[in-house]
Each structure stands twice: as C-alpha cells, then as structure tokens.
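# Results of the structural survey
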Amino acid sequence: MPQHLTIGELAARTGVATSALRYWEELGVLPAPTRVSGRRRYPPSAVEQVGLVLLLRGVGCTLQEIAAFTSARTSDGWRELYQRKLTELDRRIAQAQAARTAIEHGLACSHERITDCPRFAGGITALLEGATLGEAHERAHTT
C-alpha cells in the first residue's frame, strides 16, 4: 500500500500553504482526502493534482474553472474549458496591445499635458460613447 501524505507533507512537496490546500478542497479543486483519526491523508497522486492546479492557475484559470476542469470526465469538457480560456486570453492580449499602443502614443505626444491633446480628448469621447480602448485609439488617430 502506498505511503499517504499528511497535509504538511503535501504542502512541503508542492510549496503550497496548508491553508490553500484546505481551501482548494472546500471549492472542489482538490478531492477530499481520506481521514485517519480525523487527520487528512493524501495519496501520492495528490502531488500531481496540486501541480495541475498550479499549472492551470499559471495559464490564467480561476479556481472555479479549475474545479470544472478537474471534474470534467470527457475530453470535450477540458477542451471546451481550454477553448473558452484561449478566447479570453486573445481578448486580454488585444486589450493589452491596445493599451500599450495608446501609452506609446501618449509618450510621443508633443503637448506638455496629455489632457491638452485633441487626440486624447477624442479618445475619451469615443470611450464615453461605448468604444473599446482599441476602437477609441483608432478613432482618435483617424479623425
């Protein structure tokens, strides 16, 4: 029979605080371990499960998404989660690229104060009209 780990041993092997491990169990991110005399005992595979959680957090998944991922029993379940996350990341990357471009243009602006720039004011107007940052920046530089 494989040696089971205490919560402290699992924390030491993975670098994750015991409080986080208990919280992850509460959310269903990690399966509840067996109990011996009321104390948690994890199978050796729990180290890999914690590693999976760390990986998914590293690619931007929320704990709720990770719980859904770990409970997905079919390839379609994890593929759907990955596709949604990829779409979200693409949106965030586009938003970050638009923000970077807007900041670069702001730094290159010849006005002493950025708020005196008519293009800056045009961008604010576009945002207030419901444009995204990228759309507002584009409108400010095409009018």
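Remember, predicted model here, so these are calculated numbers, not experimental data. (Residues numbered from 1 in each chain as written. Predicted model: local features only at pLDDT ≥ 70, side-chain atom pairs only at ≥ 80, totals over all residues. Heavy atoms only, no water.)

Moving on to the overall build of the protein. Scanning the protein from terminus to terminus reveals seven helices and two strands. Order of helices (α) and strands (β) in the protein, N terminus to C terminus: α-α-β-β-α-α-α-α-α. A compact globule built from 143 residues should have a C-alpha radius of gyration of about 15 Å, whereas the protein, at 24 Å, is more than 25% larger. Summarising its shape, the C-alpha atoms of the protein cover approximately 75 × 35 × 20 Å along the three principal directions. A burial count over the protein gives 24% of its 143 residues as buried. By sequence separation, contacts in the protein at least 24 residues apart represent 50% of the contacts at least 6 residues apart. Surface accessibility of the protein: about 9700 Å² in total, with carbon and sulfur atoms responsible for 55%. Positive and negative charge centroids in the protein, built from 17 and 15 side chains respectively, lie 10 Å apart. (Helix = DSSP H or I, 4+ residues; strand = E, 2+ residues; numbered from the N terminus. Rg over C-alpha atoms; globule rule 2.2 N^0.38 Å. Buried < 20%, exposed > 50% of the residue type's maximum accessible area, 1.4 Å probe, protein only. Contact = heavy atoms within 4.5 Å. Areas by Shrake-Rupley, 256 points an atom, 1.4 Å probe, with all protein chains shown as cover. Lys, Arg positive; Asp, Glu negative; His and termini not counted. Charge placed at Lys NZ, Arg CZ, Asp CG, Glu CD.)

Let us look at unusual backbone geometry. One non-glycine residue, Ser 37, adopts positive backbone phi at about 55°. Summarising the element assignment, Ser 37 is placed in the loop between strand E1 (34–36) and strand E2 (39–41).

According to the stated counting rule, one finds seven salt bridges in the structure shown. A salt bridge links Glu 80 to Arg 84; the shortest N-O distance between them is 2.9 Å. Here the residue Glu 80 and the residue Arg 84 both occupy positions in helix H5 (residues 75–108), the gap between them amounting to four residues, near one helical turn. One salt bridge in this structure joins Glu 88 and Lys 85, with 3.1 Å as the shortest N-O distance. Separated by three residues within a single helix, Glu 88 and Lys 85 lie in helix H5, roughly one turn from each other. (Salt bridge = Lys/Arg side-chain N within 4 Å of Asp/Glu carboxyl O.)

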